[in-house]
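# Structure at a glance
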Amino acid sequence: GYYYKWIERAYLSGLRIMVVDLVENEVLCNVQSTINPAGWVNANSCDTMDSIRLQAKRLYQMQDYIDAQFGGPGKGLFQIAKSPEQARQIIANGQMAVVMGVEASETFNCGERDYCSVAKLEAGLTELYDLGIRSIFPAHKFDNQIAGSRVEDGFINLGEALATGHFFETQECDQDTRGSHFETGLPLLRNIPVLNEFLAQTGTGPEYDETIEHCNVHGLSDLGVYLVNRMIDLNMIIELDHSSTDAVTAMMDIIEARHYSGVVTSHSWMQSAKDSGLHNNTKRLIHAGGFVAPYNSDANDMSNRVGKYLDQLEQ
């Protein structure tokens, strides 16, 4: 949660557009409620879509509250934008345009353990659009029925098992992609007593070839192809961060075929090239007219990251 004066401080420093992602992680929510049930009495639902609905409601309440501090409806600095035209008008009025997005693994309740279909996906997308949401991550930390996620070892791999019923299913990355190193089993996690109960749910630990770099075997599903096309139909922002390399490649194939530019990597969570440079998918995103931004870090690292993007723009 943000106190509105903190946002106002950024606004007074020149910020005129802000993306607010509605975020949920069912695994963390369920772990918290299990570890500390006394603190979870009368708490909010761990269901992703319920959480998104509540967060959207709270955001509109925040807009109304800030409006009240500035004299009435539509007068506050914080104005939710539902189209590029509306965002431009808000900024022209001297206010800050706020774009709502969703960053979750079980968006549309289409996690691997859920029932999902084209009809359910369409109904969920319509609901999110009607709420004013204009940006979506097809995948986040864990695989779902839309796309594979970018794999990570350790706690994230444990979360994958709890979310999907299996640990990350991986393959050696292609010659152009830098992957992740995985260890067989979960030795570090087994030393943390509070996690023993959750580790027991996953059975034996995973086995991996520790000599290779790992990438997700799962790419973009047929449901994912449908979602990306529908998001393009609705002029929504497609977030490529956190999706597996194969999933991003498939999404970029669709994006390029449809000559679409509403695609972003907002915090550098796409996989890099083997030499740690820009992956070909990131280059494709840039040349499609998309938006790239570095993960926050120190000034030197930020300069290097931004320099790579600018070098690509000049080619």
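Think of a ball as big as a water molecule: rolled over the atoms, this probe shows where empty space is left. In this structure, the largest pocket spans a volume of roughly 1100 Å³. Mapped by element, the contributors of at least two residues to the lining of the largest pocket are β1 (17-24), α4 (84-92), β4 (133-136), β7 (237-239) and β8 (263-265). Broken down by class, the residue content of the lining of the largest pocket amounts to 18 nonpolar, 9 polar and 5 charged.

Once that is clear, we can look at unusual backbone geometry. For residues other than glycine, phi is negative in most cases, and the peptide bonds are mostly trans. The residue Phe-108 is not glycine, and still its phi comes out positive at about 70°. For Phe-108, the location among the structural elements is in the loop between β3 (96-104) and α5 (118-131). On the accessibility criterion, Phe-108 (3% relative accessible area) is buried. The backbone of Asn-109 sits at a positive phi, close to 55°, despite the residue not being glycine. Inspection of the secondary structure assignment puts Asn-109 in the loop between β3 and α5. Asn-109 sits in the buried class, given a relative accessible area of 17%.

So, about empty space enclosed by the protein. Here the structure, examined in full by the defined rule, presents 1 cavity of 30 Å³ or more. Counted as a void, the largest cavity has a volume near 50 Å³. If you go around the largest cavity, the residues you meet are Ser-243, Ser-244, Thr-245, Val-248, Met-270, Gln-271, His-279 and Asn-281. Here the residues of the lining of the largest cavity sort into 2 nonpolar, 6 polar and no charged.

Further remarks concern the packing of helix α3 (residues 48-69) against α5. Two elements in contact, α3 and α5, have axes whose closest approach is 11 Å; the angle formed by their N-to-C orientations is 15°. As summarised for this structure, α3 and α5 are arranged roughly parallel, according to the angle between their axes. Considering the relative orientation of α3 and α5, their crossing is left-handed. Counted together, Met-49, Ile-52, Arg-53, Ala-56 and Tyr-60 of α3 and Gly-124, Glu-127, Leu-128 and Leu-131 of α5 form the full contact between these two elements. Within the contact of α3 with α5, the residues separate by chemical class into 6 nonpolar, 1 polar and 2 charged.

Attention shifts here to the state of the cysteines. On inspection of all chains with the given rule, the structure shows 3 disulfides. Covalent S-S linkage joins Cys-110 and Cys-116, the inter-sulfur distance amounting to 1.9 Å. Judged by the sign of its S-S torsion, about 70°, the bond between Cys-110 and Cys-116 is right-handed. When its relative accessible area of 11% is taken as the criterion, Cys-116 is described as buried. There is a disulfide in this structure between Cys-173 and Cys-215, and the S-S distance comes to 2.0 Å. Handedness here is read from the sign of the S-S torsion; for Cys-173 and Cys-215, about 100°, the answer is right-handed. In this pair, Cys-173 is assigned in the loop between β5 (170-172) and α7 (187-190) and Cys-215 in strand β6 (residues 214-216), connecting sequence segments 42 residues apart. Its relative accessible area of 8% is what places Cys-173 among the buried residues. A relative accessible area of 6% places Cys-215 in the buried class. Each bonded cysteine in the chain gets a number by its place in the sequence, and the pairs come out as 1-2, 3-4, 5-6.

At a closest axis distance of 10 Å, the pairing of α5 and helix α9 (residues 222-233) adopts a crossing angle of 30°. Judged by the inter-axis angle, α5 sits roughly parallel to α9. Judged by the sense of rotation from one axis to the other, the crossing of α5 with α9 is right-handed. Taking contact as the criterion, the partners of Val-118, Leu-121, Glu-122 and Leu-125 in α5 are, on α9, Leu-223, Tyr-226, Leu-227, Arg-230 and Met-231.

Within the fold, His-166 resides in the loop between α6 (155-164) and β5. Of the residues examined, His-166 reaches a relative accessible area of 18% and is grouped as buried. Within the structure, His-166 has its side chain in polar contact with the side chain of Glu-112 (distance 2.8 Å). Every residue in contact with His-166, bar those within four places of it in the chain, is listed here: Glu-112, Asp-143, Glu-160 and Ala-161.

Before going further, it helps to examine a nonpolar patch on the surface. On the surface, Tyr-2, Tyr-3 and Trp-6 cluster together to form a nonpolar patch covering roughly 410 Å² of accessible area. Mapped onto the fold, Tyr-3 is located in the segment before α1 (4-12). On the basis of relative accessible area, Tyr-3 is assigned to the partly exposed category, the value being 44%.

Rules behind the numbers
Counting restarts for each chain, with residues numbered from 1 along the sequence as it is written. At least 70 in pLDDT is required for a residue's local features to be given in this predicted model, at least 80 for side-chain atom pairs to be given and counted, and no such filter applies to totals for whole chains, interfaces and linings, which use all residues. Hydrogens and water molecules were not included; the side-chain quantities draw on all heavy atoms of the structure. In the cavity and pocket records, a cavity denotes points on a 1 Å grid over the protein atoms alone where a 1.4 Å probe fits but cannot get out, a pocket denotes an open set with protein on both sides within 12 Å along at least 5 of 7 lines, and lining residues are residues with an atom within 4 Å of a point. Grid points are joined across faces, edges and corners, and a volume is the space filled by probe spheres set on the points. To qualify as a helix, a DSSP run of H or I must reach at least 4 residues; to qualify as a strand, a run of E must reach at least 2; elements of each kind are numbered from the N terminus. Residue polarity is assigned by list, with Asp, Glu, Lys and Arg as charged and Ala, Val, Leu, Ile, Met, Phe, Trp, Tyr, Cys and Pro as nonpolar; anything else, Gly included, falls into the polar class. Per-residue accessibility, obtained with a 1.4 Å probe over protein chains only, is compared with the maximum for each type, and a residue is labelled buried under 20%, exposed over 50%, and partly exposed between these values. Here an angle of 0 to 180 degrees is reported between the N-to-C directions of two axes, which are lines fitted to C-alpha atoms, with helices fitted over the stretch in contact. Orientation is classified from the angle alone, with under 35 degrees giving roughly parallel, over 145 giving roughly antiparallel, 65 to 115 giving roughly perpendicular, and any other angle giving oblique. Should the near helix be turned anticlockwise from the far one by less than a right angle, the crossing is left-handed, and should it be turned clockwise, the crossing is right-handed. What makes two residues a contact is simply this: any of their non-hydrogen atoms within 4.5 Å. In this description, a disulfide is simply a cysteine sulfur pair whose atoms lie within 2.5 Å. Contacts described as polar in this section are N or O atom pairs within 3.5 Å, which, within protein, must combine one atom able to donate a hydrogen with one able to accept it, while residues neighboring in sequence count only if both atoms come from side chains. Put simply, a patch holds well-exposed residues, over 30% relative accessible area, that have no salt bridge, with like charges counted together within 9 Å and Val, Leu, Ile, Met, Phe, Trp or Tyr side chains within 5 Å. Method for areas: the Shrake-Rupley scheme with a 1.4 Å probe, in which residue coverage is limited to the protein chains shown. By convention in these notes, a salt bridge is any Lys or Arg side-chain nitrogen within 4 Å of a carboxyl oxygen on Asp or Glu.

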